[in-house]
Amino acid sequence: MRLDKYLSQAGIGTRSEVKKLIKHNRIKVNGTVITDCGYLVLESADTVLFDDKKISYEKYSYYIFHKPGDCVCANEDRDNKTVFEYFKDVNTRDLFTVGRLDKDTEGLLIITNDGDLSHRLLSPKKHVDKTYFLKCQDDISQEDIISLENGVDIGDDKVTLPAGVLRGDKSNEIYLIIKEGRYHQVKRMLKAVGNEVIYLKRITMGKFELGDLPLGEYRLMNERELEYVAGYKSGNI
Ligand code: URA
């Protein structure tokens, strides 16, 4: 991989920032100062130093983000704040969200540059569970719960797959566990039973949990979560 790309992907800076570092003799590869931005680095073998400190290069980054209800899942948007505007001190150029939440939806988002993981979590065939906590305009009856569990007609070719429902503290609150990820699915499911979602938050996606991460904050996945990543990618989960 080109040296400037390597440095940028290792989070050292944007392409133009790392080019300046290279030109200012601040980068060494295997002990030798390299001033050629196109120098080819062997990721598995070469030792790259920035100001004589070893750079640890990780091909993939995995973050858990607690999305607030004021931003869109897009890399750029002319009219709205994006989720990436919450990422400080991170080079977000190659990152994307694993699926999308609506602008007004809060909760768990996985953010990565690993397209394979994204595919495995989103593929309709994999049936990865997503848990949402939601509040509705009106109370949710036992009959509605049974309909949501069995599958409802949201105007698509097929009714929704069987879902899990748990009651929340109040009679207009539930936890809904779905295996699909259709467009506006949760809101449309509640509409199908004559209700309206007024607050929506995702709390799990597969084995990943939001936990107590504060709203608007992000963190790198921990070791246990990285094991889940490996499990999804190898098809063991
Ligand atoms: N279902 C919705 O309706 N909205 C979301 O943001 C996620 C699931």
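Shown above is the structure to which this text applies.
Residues numbered from 1 in each chain as written. Predicted model: local features only at pLDDT ≥ 70, side-chain atom pairs only at ≥ 80, totals over all residues. Heavy atoms only, no water.

Visitor: For unusual backbone geometry, give the residues involved together with the corresponding values.
Guide: Although it is not a glycine, Asp51 sits at a positive phi angle of roughly 50°. Within the fold, Asp51 resides in the loop between strand E3 (48-50) and strand E4 (53-54). In this structure, His184 is a non-glycine residue whose phi angle is positive, near 50°. Turning to its location among the elements, His184 is positioned in the loop between strand E12 (173-178) and helix H5 (185-192). (Helix = DSSP H or I, 4+ residues; strand = E, 2+ residues; numbered from the N terminus.)

Visitor: Please set out the site of the ligand residue by residue, giving values where relevant.
Guide: Residues in close proximity to the ligand include Leu101, Asp102, Thr105, Tyr132, His184, Gln185, Val186, Lys187 and Leu200, which together make up its full environment. With respect to the ligand, the side chain of Asp102 contributes an N or O atom lying 2.7 Å from a nitrogen atom. With respect to the ligand, the side chain of Thr105 contributes an N or O atom lying 2.8 Å from an oxygen atom. Among the elements that line the shell around the ligand, the one with the most residues is H5, at three residues. Two domains share the shell around the ligand, each providing at least three of its residues, namely domain 2 (62-123 + 208-234) and domain 3 (130-205). (Near = heavy atom within 4 Å. Polar contact = N/O pair within 3.5 Å; in protein donor to acceptor, adjacent residues only side chain to side chain. Domains from an automatic or database assignment.)

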